[in-house]
Amino acid sequence: MSFFISEALAQAPAAAADAPGWQGLIFPLGLVVIFYFFLIRPQMKRAKEHKKLVEELQKGDEVQLQAGMMGKITGLTDTAIEVEVAEGIVLKFRRAAVEAVLPKGSLKEM
């Protein structure tokens, strides 16, 4: 019999509060689905396209590199390419550094 603390009355617990079950998983699963469709899947698609682009490089292709340089491929190996950026100036880069293949003749227009 305390004057400051009231005694708790026993109550039956609510059915929904007793078992969180699958309702507690809706939000985390929704986040996983959103991350997959908006972040993971597009990134995998871009990576697949870039891998295909790098595998299909040929001698004579005009390319733009990630550093912003543009030139014509003069030599290829399994891991590297040789790019002529100006007349008589040939630089060696990794194949993965290729950002885009330009249409033929686009370097002459610049």
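Everything numeric here is computed off the predicted structure, so don't read it as measured data.

Here Gln64 is to be found in strand S1 (residues 62-65). Gln64 sits in the partly exposed class, given a relative accessible area of 24%. It is 6.1 Å that separates the C-alpha atoms of Gln64 and Val98, two residues lying 34 residues apart in sequence.

A few words on the nonpolar core. Core analysis: the largest hydrophobic core is formed by seven residues, namely Leu57, Val63, Leu65, Ile73, Ile81, Val83 and Val98. Mapped by element, the contributors of at least two residues to this core are S1 and strand S3 (80-86). Residues contacting Val83, with those up to four places away along its chain left out, are Val63, Gly71, Lys72, Ile73, Thr74, Ile89, Val90, Leu91 and Phe93.

One pass over the full model with this rule turns up one aromatic pair. Centroid distance Tyr36 to Phe37: 5.2 Å. Interplanar angle 80°. Geometry classified as edge-to-face.

Time to look at the side chain of Arg95. Its place among the elements puts Arg95 in the loop between strand S4 (89-94) and strand S5 (98-102). Among buried charged residues, Arg95 stands out as having no salt bridge; its nearest opposite-charge side chain is Asp78, 5.5 Å away. Here the side chain of Arg95 touches Val54 through a polar contact of 2.9 Å, landing on its backbone oxygen. Non-local contacts of Arg95, meaning those with residues more than four positions away in its chain, are made with Val54, Glu55, Leu57, Leu76, Thr77, Asp78, Thr79, Ala80 and Ile81.

What follows is about a nonpolar patch on the surface. On the surface, Phe27, Leu31, Val33, Ile34, Phe35, Tyr36, Phe37, Phe38, Leu39, Ile40 and Met44 cluster together into a nonpolar patch covering about 1100 Å² of accessible area. In this fold, Leu39 is placed in helix H2 (residues 26-55).

Another point: the pairing of S1. Judged from the three bridges that link them, S1 and strand S2 (residues 70-76) form a sheet pairing that is antiparallel. Opposite Glu62, over in S2, you have Lys72 as the bridge partner. Once S1 ends, the chain turns through four residues before running back antiparallel as S2, passing Gly68 with a positive phi of about 100°. Of the strand pairs in this sheet, S1 and S5 are connected by four bridges, and their pairing is antiparallel. In the sheet register, Glu62 faces S5, and the bridge partner there is Leu102.

The rules behind these values
Residues numbered from 1 in each chain as written. Predicted model: local features only at pLDDT ≥ 70, side-chain atom pairs only at ≥ 80, totals over all residues. Heavy atoms only, no water. Helix = DSSP H or I, 4+ residues; strand = E, 2+ residues; numbered from the N terminus. Buried < 20%, exposed > 50% of the residue type's maximum accessible area, 1.4 Å probe, protein only. Core = buried A, V, L, I, M, F, W, Y, C linked by side-chain atoms within 4.5 Å. Contact = heavy atoms within 4.5 Å. Phe/Tyr/Trp six-rings, centres within 6.5 Å; stacked < 30°, edge-to-face > 60°. Lys, Arg positive; Asp, Glu negative; His and termini not counted. Salt bridge = Lys/Arg side-chain N within 4 Å of Asp/Glu carboxyl O. Polar contact = N/O pair within 3.5 Å; in protein donor to acceptor, adjacent residues only side chain to side chain. Patch = residues over 30% accessible without salt bridge, like charges linked within 9 Å, V, L, I, M, F, W, Y side chains within 5 Å. Areas by Shrake-Rupley, 256 points an atom, 1.4 Å probe, with all protein chains shown as cover. Pairing = 2+ DSSP bridges.

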